[in-house]
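Structure assessment
For reference, the chains in residue letters:
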Amino acid sequence: RLDPIRIHLTQGLKYLQANREDVTTYAGITKARFYTTTFLHSFFADNKCCFGIFANMGLGKEEVENDGGWQQWLDNHKTDFGNDKAIFDGVILDSDPNNPQKTTVTHWTSKFEKGDKQNPL
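Bear in mind the structure is a predicted one, so any value in this text is a computation, not a measurement.

So, the nonpolar core
- Membership of the largest hydrophobic core comes to 15 residues, with the highest contact counts inside it found for I29 and L40.
- Looking at this core, the element that brings in the most residues is helix α2 (residues 26–44), giving seven residues.
- Excluding residues that lie within four positions of it along the chain, I29 makes contacts with V23, I53, A55, I87, F88 and D89.

Below, the structure is given as structure tokens:
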């Protein structure tokens, strides 16, 4: 059941690369939302699901090394994302509680499109 998700994510990365999208920018990461929303709706149908893309978050092994590893990085950044250019964009699909045959789509994003270490929803 998960193979279509793997294929979709791989194709999504290829799509972003082929279009030379700068995924360090808000304009670049929103392309993933448009590509993914229709897949989520088709594949998950009446199930709850979500998709999020986060950029400039500093979560690679090389970024957390200076803090002493993953756990220490998390402990040091309980109220921020560890980078002043942190941005994110996401989609949540759910069924309408008043009409289970109807799917609702909610979009959420970071407040500051150019990034902020404490970028709120």
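So, next bit.
Quick word on the environment of Q72
- Checked against the element boundaries, Q72 lands in helix α4 (residues 70–76).
- Sequence separation between Q72 and A32 is 40 residues, and the spatial gap between their C-alpha atoms is 31 Å.

Thoughts on the sheet that holds strand β3 (residues 99–109)
- A sheet is described by the order of its strands in space; here three strands give the open sequence β1-β2-β3, paired in antiparallel fashion. Each edge of the open sheet is held by one strand with a lone partner, namely β1 (49–55) and β3. For this sheet, the mean angle separating the axes of adjacent strands, direction not counted, is 10 degrees.
- Note that β1 and strand β2 (residues 87–96) share seven bridges and pair antiparallel. Directly across from F54, in β2, lies its bridge partner F88.
- Where α2 meets the sheet, its contacts fall on β1, β2 and β3, and the angle it forms with β2 comes to roughly 20 degrees.

What to know about the pattern of salt bridges
- In total, this model carries two salt bridges according to the counting rule given.
- R6 serves as the salt-bridge partner of D3, at 2.8 Å between the closest nitrogen and oxygen. Of this pair, D3 and R6 both sit in helix α1 (residues 3–18), three residues apart, which is roughly one turn of that helix.
- For D3, a relative accessible area of 42% gives the class partly exposed.

Focus on the packing of aromatic side chains
- Evaluated as defined, the whole model comprises six aromatic pairs.
- Seen from their ring centres, Y15 and Y35 are 5.3 Å apart, and the 15 degrees between their planes marks the pair as stacked. Here Y15 is found in helix α1, whereas its partner Y35 is found in helix α2, with 20 residues between them in sequence.
- Judged by its relative accessible area of 33%, Y15 is partly exposed.
- The structure contains a cluster of three or more aromatic residues connected by ring pairs, namely F54, F81, F88 and W108.
- Taking NZ or CZ as reference, R33 lies 4.7 Å from the ring centre of F34, over its face.

Conventions used here
- Residues numbered from 1 in each chain as written.
- Predicted model: local features only at pLDDT ≥ 70, side-chain atom pairs only at ≥ 80, totals over all residues.
- Heavy atoms only, no water.
- Core = buried A, V, L, I, M, F, W, Y, C linked by side-chain atoms within 4.5 Å.
- Buried < 20%, exposed > 50% of the residue type's maximum accessible area, 1.4 Å probe, protein only.
- Helix = DSSP H or I, 4+ residues; strand = E, 2+ residues; numbered from the N terminus.
- Contact = heavy atoms within 4.5 Å.
- Pairing = 2+ DSSP bridges.
- Axes fitted to C-alpha atoms, helices over the stretch in contact; angles between N-to-C directions.
- Salt bridge = Lys/Arg side-chain N within 4 Å of Asp/Glu carboxyl O.
- Phe/Tyr/Trp six-rings, centres within 6.5 Å; stacked < 30°, edge-to-face > 60°.
- Lys NZ or Arg CZ within 6 Å of the ring centre and 35° of its normal.

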